[in-house]
Amino acid sequence: MSRILLGLVMLGCTVAVEDVHACDDPITRLVNEKPGERCSGRVEVRHGHQWGTVCQRGWDPEDAAVVCRELDCGFVLDIPGGARFGRAGGEVLWRNVKCSGDEFALDLCERFLNDDVCTHSEDAGVECTGGEAVHFKCTAPYWQSIIDFHLYKRGVDTPLVTQRADPRQMTVDLTLSDLEISHQGSYSCLYSIHNKLGNSPSGYSPHSNFINITVLEIHTPQIWYNTSPEARPGWVTRGHSFNVTCSTQPQYPGASFQLRLIKPNGTVRHSLPALTPSVTFTFSNAQSNNEGYYCCLYKVQTGERNFISRESQPLPISIREVDPVMSPVVISLLVSGLTFVLATCAILIVAKVYCNRVSKPTELERESRTCVDNTYIALTVK
Ligand SMILES: *[C@@H]1O[C@H](CO)[C@@H](O)[C@H](O)[C@H]1NC(C)=O
Ligand SMILES: *[C@@H]1O[C@H](CO)[C@@H](O)[C@H](O)[C@H]1NC(C)=O
């Protein structure tokens, strides 16, 4: 009876701890005075209920890329000063942001709090390309009177995109947006010439060269761990071995799994090639420096671009001392020997200590916030 109650109290405690780093609300946004431009603007970060800006000092394309990725806005086009997007009202909160480029969110990057030297005239900004899209440039060899450009996918008879050129325009941008796996294939364009009225086409050019588009479907990886069976959930005994496994589907050639360990004093990264859908990182001798939150991410490197999944849920691991006297059998005997009242008191104390130990400093909570499980589609041009 008492042991069941202990289990329940522990469960309540674990749930409370998980709530601490759930991320319901966004923590990064782009602010732009032009309505409808979601993917460019002044970078703003949230601290509690307050939004503030980021100092431009130390702001580089790698940092900006993390913002574009976090907001599902594609890639960096430019990093203009934030003052270009209008003056901010709040405080300048961060300076010297340093992202490695693998982060899925800006608040996972290293940075300093602002020391009051930066002003709003130095706010960081970014222009991202917008959601994932492919832009095909189609060029006619010489100027024709009125022409339409058409984008074809090999094997499909009707054009996917048709666009009329402006007078004297010889090149148009044919855009394929909201990419899906079904968009993978070979593409070419051609143009049609119209008579003076511009109604029915009077002739078609031959097809251009073909361009192959590969679409990758990258899911958030799963994470779990194994250790000696006698250890309590979430705990590993000091000196014992434990394995952390990352897993995802589908698989792509040249991919790797990265395992990030987030500790109060920094982040440790491990990487292994993703030769199978699940890859195990083995830690043969658990020590206190193995303690923290573990996250997996899946990375596909192609010639031109890197594709990175969202991070898995953070997996907390604590290292526990070997305690020869307090074997599970002894604990069980002790617990069943106590009276109900005594047990309740002890349980409350245990639960409190456990909670205090697991809800680590706010630094850790910030770093290990859970990200929404999501799928995103990326593409590469071959
Ligand atoms: C494009 O894909 C087709 C078939 O899918 C293949 O035959 C062709 O070699 C590819 N071209 C390039 C440039 O990769
Ligand atoms: C960890 O993985 C290795 C090899 O994959 C295996 O031999 C070992 O038993 C595993 N350890 C645990 C604690 O599961």
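Everything here concerns the structure above.
Rules and cut-offs
- Residues numbered from 1 in each chain as written.
- Chains lettered and ligands numbered in written order.
- Predicted model: local features only at pLDDT ≥ 70, side-chain atom pairs only at ≥ 80, totals over all residues.
- Heavy atoms only, no water.
- Helix = DSSP H or I, 4+ residues; strand = E, 2+ residues; numbered from the N terminus.
- Buried < 20%, exposed > 50% of the residue type's maximum accessible area, 1.4 Å probe, protein only.
- Contact = heavy atoms within 4.5 Å.
- Salt bridge = Lys/Arg side-chain N within 4 Å of Asp/Glu carboxyl O.
- Near = heavy atom within 4 Å.
- Areas by Shrake-Rupley, 256 points an atom, 1.4 Å probe, with all protein chains shown as cover.
- Nonpolar A, V, L, I, M, F, W, Y, C, P; charged D, E, K, R; others polar.
- Core = buried A, V, L, I, M, F, W, Y, C linked by side-chain atoms within 4.5 Å.
- Polar contact = N/O pair within 3.5 Å; in protein donor to acceptor, adjacent residues only side chain to side chain.
- Phe/Tyr/Trp six-rings, centres within 6.5 Å; stacked < 30°, edge-to-face > 60°.
- Disulfide = S-S within 2.5 Å.
- Pairing = 2+ DSSP bridges.
- Axes fitted to C-alpha atoms, helices over the stretch in contact; angles between N-to-C directions.
- Lys, Arg positive; Asp, Glu negative; His and termini not counted.

1. Observations concerning the overall build of the protein
Counting secondary structure elements, the protein contains five helices and 24 strands. Counting across all 382 residues of the protein, residues that qualify as buried make up 44%. Look at the contacts in the protein between residues 6 or more apart in sequence, and 70% of them connect residues 24 or more apart.

2. A closer look at the pattern of salt bridges
A side chain of one charge can pair with a side chain of the opposite charge when the charged atoms of the two come close. Per the counting criterion, the structure on display carries ten salt bridges. One salt bridge in this structure joins arginine 57 and glutamate 122, with 3.0 Å as the shortest N-O distance. With arginine 57 in the loop between β3 (50-54) and α2 (61-70) and glutamate 122 in the loop between β6 (110-113) and β7 (125-128), this pair connects stretches of sequence that are 65 residues apart. What makes arginine 57 partly exposed here is its relative accessible area of 37%. Put simply, arginine 164 and aspartate 148 hold a salt bridge, and the shortest N to O gap is 2.8 Å.

3. A word on the site of ligand 2
In the region of ligand 2, the neighbouring residues are Asn226, Thr227, Ser241, Asn243 and Thr282. In the complex, 42% of the free accessible area of ligand 2, which totals 360 Å², lies under the protein chains. Along the lines of polarity and charge, the residues of the shell around ligand 2 split into no nonpolar, five polar and no charged.

4. Here's the deal with the nonpolar core
Core analysis: the biggest nonpolar cluster contains 26 residues, and Phe242, Val244, Leu259, Tyr294, Tyr298, Val300 and Ile317 have the highest contact counts within it. Elements that contribute at least two residues to this core include exactly β14 (211-219), β15 (222-227), β17 (242-247), β18 (255-263), β20 (278-283), β21 (292-301) and β23 (315-320). The contacts of isoleucine 317, once residues within four sequence positions are left out, are Tyr225, Gly234, Val236, Phe242, Val244, Asn290, Glu291, Gly292 and Tyr294. With 21 residues, the next largest nonpolar core counts Trp59, Leu93, Val97 and Leu106 among its residues.

5. Some points on α2
Within α2, seven of the ten residues are buried, which leaves the element mostly enclosed by the surrounding structure. Within the span of α2, buried status applies to Asp63, Ala64, Val66, Val67, Cys68, Arg69 and Glu70. The backbone nitrogen of glutamate 62 lies 3.1 Å from a side-chain oxygen of the residue at the head of α2, namely aspartate 60. One or two residues past the end of α2 sits aspartate 72, with phi positive at roughly 55°.

6. Remarks on the packing of aromatic side chains
With the rule as written, the count across this model stands at six aromatic pairs. Ring geometry for phenylalanine 136 and tyrosine 187: centres 5.2 Å apart, planes at 40°, overall tilted. Placement of phenylalanine 136 in strand β8 (residues 133-139) and of tyrosine 187 in strand β12 (residues 185-194) is noted, with a sequence separation of 51 residues between them. There is no split in this pair, since phenylalanine 136 and tyrosine 187 are both buried. Consider the rings of phenylalanine 283 and tyrosine 294, whose centres lie 5.9 Å apart with planes at 65°: the pair is edge-to-face.

7. Description of the state of the cysteines
Overall, the coordinates contain six disulfides when judged by the stated rule. One disulfide in the model links cysteine 138 with cysteine 189; its S-S distance is 1.9 Å. Taking the sign of the S-S torsion, about 90° here, the bridge from cysteine 138 to cysteine 189 comes out right-handed. Within this pair, whereas cysteine 138 is found in strand β8, its partner cysteine 189 is found in strand β12, the two being separated by 51 residues in sequence.

8. As for the sheet that holds β17
What the three strands build is an open sheet, ordered β15-β17-β20; its pairing is antiparallel. Strand pairing shows two members of the sheet lacking a second neighbour, β15 and β20, which therefore form its edges. Along the sheet, successive strands turn relative to each other by an average axial angle of 20°, direction set aside. Here β15 pairs with β17 via six bridges, running antiparallel. Across the sheet, the residue bridging to tyrosine 225 is valine 244, located in β17.

9. Points about the environment of proline 26
Along the chain, proline 26 falls in the loop between α1 (2-20) and β1 (28-31). The exposure class of proline 26 is exposed, given its relative accessible area of 53%. Spatially, the C-alpha atoms of proline 26 and leucine 71 are 9.3 Å apart, while their sequence positions differ by 45 residues. Sequence-distant contacts of proline 26, defined by excluding residues within four places in its chain, comprise Arg46 and Trp51.

10. Focus on the environment of serine 284
Structurally, serine 284 is set in the loop between β20 and β21. The exposure class of serine 284 is exposed, given its relative accessible area of 56%. When residues no more than four places from it in sequence are discounted, the contact partners of serine 284 are Gly239, His240 and Ser241.

11. Things to note about the pairing of β20
Every second residue of β20 is oriented toward a common face, the buried set being Val279, Phe281 and Phe283 and the non-buried set Ser278, Thr280 and Thr282. Across six bridges, the pairing between β17 and β20 is antiparallel. Following the sheet pairing, asparagine 243 is matched in β20 by threonine 282.

12. Here we look at the side chain of lysine 153
Within the secondary structure layout, lysine 153 lies in strand β9 (residues 146-153). The charged side chain of lysine 153 is buried without a salt bridge, its nearest counter-charge being glutamate 180 at 11 Å. From its side chain, lysine 153 meets the backbone oxygen of glutamine 184 in a polar contact 3.2 Å long. Here lysine 153 is in contact with Leu160, Ser182, His183, Gln184, Gly185, Ser186 and Tyr187, once residues within four sequence places are set aside.

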